[in-house]
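Geometric and topological summary
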Amino acid sequence: MHDDITLTTGRATRVLTERIWPAVHGTSVPLEVEWHALPGEPIPPADGLALAMEPYEVGTPWGPAWGTTWFRLTGTVPPEWAGRTVEAVLDLGFDSSMPGFQAEALVYRPDGTTVKSINPRNQHVPVVDAAVGGERVELFLEAASNPVLLGHDMFRQTQEGDVRTSSRRPLYATRRLDLAVFEAEVHELALDVEVLLELQAELPAGPRRMRVLQALDDALDVLDLQRIGETAAAARAALADVLASPAEASAHQISAVGHAHIDSAWLWPVRETIRKVARTTSSMADLIDRTDDFVYGMSSAQQYAWVKEHRPEVWARVKEAVAKGRFLPLGGMWVESDTVMPSGEALVRQFSQGQRFFEREFGLRSHGVWLPDSFGYSPALPQLVRRAGFDWFFTQKISWNQVNVFPHHTFWWEGIDGSRVLTHFPPMDTYNSRLSGEELSKATRQFREARRATGSIAPVGYGDGGGGTTREMTGKAQRLADLEGSAKVRWEHPDAFFERARTELDAARHGDSAVWVGELYLELHRATLTSQHKTKQGNRRNEQLLVEAEAWAATASARTGADYPYEELDALWQQVLLMQFHDILPGTSVAWVHREAVERHAAVTAGAQDIIERSLRALVGEGDVALRANPAAFAQAGVPALGVGPAQGPTAAASTLTELDGGGYVLANDLVRITLDAAGHVTSAVDLATGRDAVAPGRDANVLQLHQDFPNKWDAWDVDRFYRNSVTDLREAEKVSAAVEGGVAVVRVHRVFSASSLDQVLTLAPGSRTLEVTMATDWHETEKFLKVAFPLDVRAEHVAAETQFGFHQRATHTNTSWEAAKFETSMHRWVLAQEPGFGVGLVNDSVYGYDVTREVSDDGVAPAPGAPDVTTTVRLSLLRAPRFPDPETDQGVQTHRYGLVVGVDTAAATEAGATFGARPRELRGGSAVEPLVAVAGGVTLSAVKLADDRSGDLVVRVYEALGRRASGTVTVAAPVAGARAVSLIEDDLADAVVPVTDGAVTVDLGPFEVRTLRFARA
């Protein structure tokens, strides 16, 4: 036979697109429409339903950016439609290629109950299953005219990302607002044809493909294109045999779960996310009601809380569906947060706040962490996942890697402490699956654990307000349950998938299971460690302040009986946790989002400070004694950790300042000697005990460097390697001055560059190894990247950077493509380059990104006798200026604090990092305060708080910070009745009673182990 494949597929594609799909709602009558455009922000639904309306004509432009328009639709069912299924078909002016990025609406009945949402690919609204002729129909639409910011011309600079700067011109024009007959048999035919068309495109040449193609031809031969509804059944009959042919026994198994990844803020503000969640959950509740086996999963306790608070009518439907086991609360976190930048304590609160909400509202806990879209995953996460009580971890994002293909799909992920968690990446490389033939074929073809495991997960649905799962997707799943040539699809809870996968991997031979050790580094979106500095600065500040507030409040409760502010702390933590969402903290949202994030962080700061001040006032009492309260986990200024002591403790000799002939200064104390040139750059930083100079010979440190920064795409997200090809050293200083102020050597430098200027204050305090730099930058750059470089006279094959509850080592070389791809990496409070016997650290108060390069002298020979020929240059990433999605990113005054710490190891770097961002508080009162909790040995204190269950028990979290086994003690300076080890979210553990002697317990920790202790107060 001749090859007629393209003839058949072309025919079927056109008939499906131009005849069958339009015939699903081929019989229709227009609805009568009225409207009311709100002048400002959205209003409650009850108020919207009561608005006075004016007549509206279909086709009239509506909706300025971020506006809300209420439509009232009325009509009468024609008598000839009696007994038919009737739906409303509503096209607000959608572009079907962009679900989730434009207009949306939630549909209400007159009594205020919701029906479902409408979106670009989900435009139908059920009205009645068996119509009565003459029946009246009345519906209301709460329509949001969200602007398209990531459209066909991606990454276009726009002012539409903030209601304060957006235009007021209408963005949309309605196309169709009709009452229509739903032709169920035509709809089924459309799905039959679509599934078979997609299937044949993935099949190899052979009998199965040929028979599918012949069946399509046979079906189209009997389909009358002018009488689609009347001949659809005959066409379906011609397809029945090929659709009934069962899949191979070894076919890949797809565990489908309905999904609608909704970013808690991104190209829209938080207030719009609240409505997106209500729209999506309403549609999913409706789809659950209309199907037998479909299950829908949604993460983020915050999103459930929004529905409960703002849309109680939708909340009732969600609770009912959860109770039936069809609506699945996933993830156990407050939001789908970034996991690289939040502190360890913040991640613990993501888990505890999320699980507490799910248990309180639904009586259940999540068993796994669901994070499909975050931008890389911390190597500390496996331990935190396991110690919070979770069994599995799910993501997809690593499939976005620029260079290296990740080698596993179902595997054990091992963290810095040795903990392992069962992890899965869907091999179809998407968290917005449509269950297309291409996706199913890709999952089968790419699945890397096929020797041992039988299946993978498919999150199915349109995200970000695109409507979630559709009835077309559930219809396709029904056909793909057991279809020859395809993977098998079934709706399934992820818990069931992971239980089966665990059994399959456990059956592998010893050592044969797939294991990945260390961070899951995303080879993309590296600039998210720097974009939107004020958002990141607020996060770091408030993480510290809330831990401090908990500690002082717990101490005040134990010592004075003061009420512990549970509600206040929960509310403040929830705000910080929301701001850690993976498009807020990374700095990749529109201007509106980051404007509000800065405001929210300021409010959290004020709230935390108020708790701290109240607690300290209760503790120190009335009086005029000068005191210092130390909020850090290490002693400083003569005051123990979490204690209050006299302000005039022992002090070291004052630092000295010497001006050099020809310009420059020497700053010195008993530990280090720092030399600056006339422009304020560090030319030498000598550790006096060893004589070692931290700065590489012939090089300058603390040199600000400005790069051109215009990535190929994803402006706020990405920095591409070629940015290093263009760099300007900011060497000129407009003014340099110096003085000794209160025993501290101080140098002030003013620089002007490009369109910006900055002021640095360099200080060396008595008894300190840290040259501290405080910097204020009036930033007015475009598409530039500001870094500060420290060329170090250290030959380090690895650097250590703090992560949650420990540190992570990364290679400084680029031996492999995996190492070369990590040209921008993450840190928390410190990064350390060291060789045996000597190390140099950089500490900071609000920096998360850094890079390391190894440089060699031109001839490859050591530059001086006894010196290595390799220089390790560490650079902190300070500011960027991308134009999308926020064209004004970081414009204006930005502040940083960072420090060069000379002659330290990991222990000293850990202490320096912890104290750098937690300076003692000066206050006056009646007396000093002994710490409520003290630690000794190789134990580092992380948190002191009262238990979440409000029992009054004291919770203390400690960890091993140096990557080695440690034994120490934790002592509570208050009467305790007993102690036990608990999970990170304060659940009891089996055999967890810990002996207590005089308020002290012994703690043995493995490398980087985190331990949570609960003390019952006597």
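One numbering rule holds for all chains: residues counted from 1, following each sequence as written. Restriction of local features to residues with pLDDT of at least 70 applies here, the model being predicted, together with a cutoff of 80 or more for giving and counting side-chain atom pairs; totals for whole chains, interfaces and linings are based on all residues. Based on all heavy atoms of the structure, the side-chain values leave hydrogens and waters out of the count.

Runs of E in the DSSP output that reach at least two residues are strands. Runs of H or I that reach at least four are helices, and both are numbered from the N terminus. Given the number of residues in a helix, its expected span is that number minus one, multiplied by 1.5 Å. Helix length check: helix H14 (residues 533–560) (28 residues) gives 40 Å between terminal C-alpha atoms against 40 Å at 1.5 Å per residue, within 8%. Accessibility here uses a 1.4 Å probe with only protein chains present; expressed as a share of the type maximum, an area under 20% marks a residue as buried, one over 50% as exposed, and anything in between as partly exposed. Counting buried positions along H14 gives 23 out of 28 residues, so the element sits mostly inside the fold. Downstream of H14 by a residue or two, Gly561 has a phi angle that is positive, lying close to 80°.

Quick look at the packing of helix H3 (residues 184–202) against helix H5 (residues 228–244) now. Put simply, H3 and H5 touch, their axes get as near as 9 Å, and they point 40° apart. At the point where H3 passes H5, the crossing takes the left-handed sense. Residues Glu185, Val186, Glu188, Leu189, Asp192, Val193 and Leu196 of H3 pack against Ile228, Gly229, Ala232, Ala233, Ala235, Arg236, Leu239, Val242 and Leu243 of H5. Three categories are distinguished: nonpolar for Ala, Val, Leu, Ile, Met, Phe, Trp, Tyr, Cys and Pro, charged for Asp, Glu, Lys and Arg, and polar for the others, with Gly belonging to the last. For the contact of H3 with H5, the per-class residue count stands at 11 nonpolar, one polar and four charged. To obtain an axis, a line is fitted to C-alpha atoms, over the contacting stretch when the element is a helix, and the angle between two such axes runs from 0 to 180 degrees between their N-to-C directions. Should the near helix be turned counterclockwise from the far one by less than a right angle, the crossing is left-handed, whereas a clockwise turn marks it as right-handed. Note on contacts: a residue pair is in contact if any heavy atoms of the two residues lie within 4.5 Å.

The mixed open sheet is built from five strands, whose spatial order is E16-E17-E19-E18-E22. Of all strands in the sheet, those with a lone pairing partner are strand E16 (368–370) and strand E22 (515–517), marking the two edges. Each strand of the sheet is rotated relative to its neighbour by a mean of 30°, with strand direction disregarded. With three bridges connecting them, strand E18 (residues 410–414) and E22 associate as parallel partners. Residue pairing for E22: Trp412 is matched across the bridge by Val515. Think of it this way: DSSP has to see at least two bridges between two strands before they count as a pair.

This part is about the environment of Tyr564. Relative to the helices and strands, Tyr564 is located in the loop between H14 and helix H15 (566–579). Residues Tyr564 and Ala553, 11 residues apart in the sequence, show an inter-C-alpha distance of 5.9 Å. Beyond its immediate chain neighbours, meaning those up to four positions away, Tyr564 contacts Glu550, Ala553, Ala554, Leu569, Lys945 and Leu946.

The next subject is helix H7 (residues 301–310). Across the 10 residues of H7, seven count as buried, placing the element largely inside the fold. Within the sequence span of H7, burial applies to Ala301, Gln302, Gln303, Tyr304, Ala305, Trp306 and Val307. Of the surrounding secondary structure, the elements contacted by the buried residues of H7 are helix H6 (270–289), strand E14 (296–298), helix H8 (312–323), strand E15 (327–329), helix H9 (344–362) and H15.

Counting buried residues in strand E12 (residues 176–181) gives five out of six residues, a clear majority hidden from the surface. Judged from the three bridges that link them, strand E1 (residues 28–30) and E12 form a sheet pairing that is antiparallel. Across the sheet, the residue bridging to Ser28 is Ala180, located in E12.

Another aspect to go through is the environment of Val593. On the secondary structure map, Val593 appears in helix H16 (residues 591–620). Taking the C-alpha atoms as reference points, Val593 and Arg349, 244 residues apart in sequence, are found 22 Å from one another. Those residues within four positions of Val593 in sequence are excluded, and the remaining contacts are Ala265, Trp266, Trp268, Pro269 and Ile584.

A separate point is the nonpolar core. Core analysis: the largest hydrophobic core is formed by 191 residues, its most contacted members being Phe327, Phe351, Leu954, Val970 and Phe1015. Element by element, the count of residues in this core is highest for H16, at 10 residues. Those residues in contact with Phe1015 that lie beyond four places of it in its chain are Asp953, Leu954, Val956, Val970, Val972, Val976, Gly978, Ala979 and Val1001. Side-chain atoms within 4.5 Å link the members of a nonpolar core, which is a set of buried Ala, Val, Leu, Ile, Met, Phe, Trp, Tyr and Cys residues. Listed in part, the 49 residues of the second largest apolar core include Leu667, Leu730, Trp779 and Leu878.

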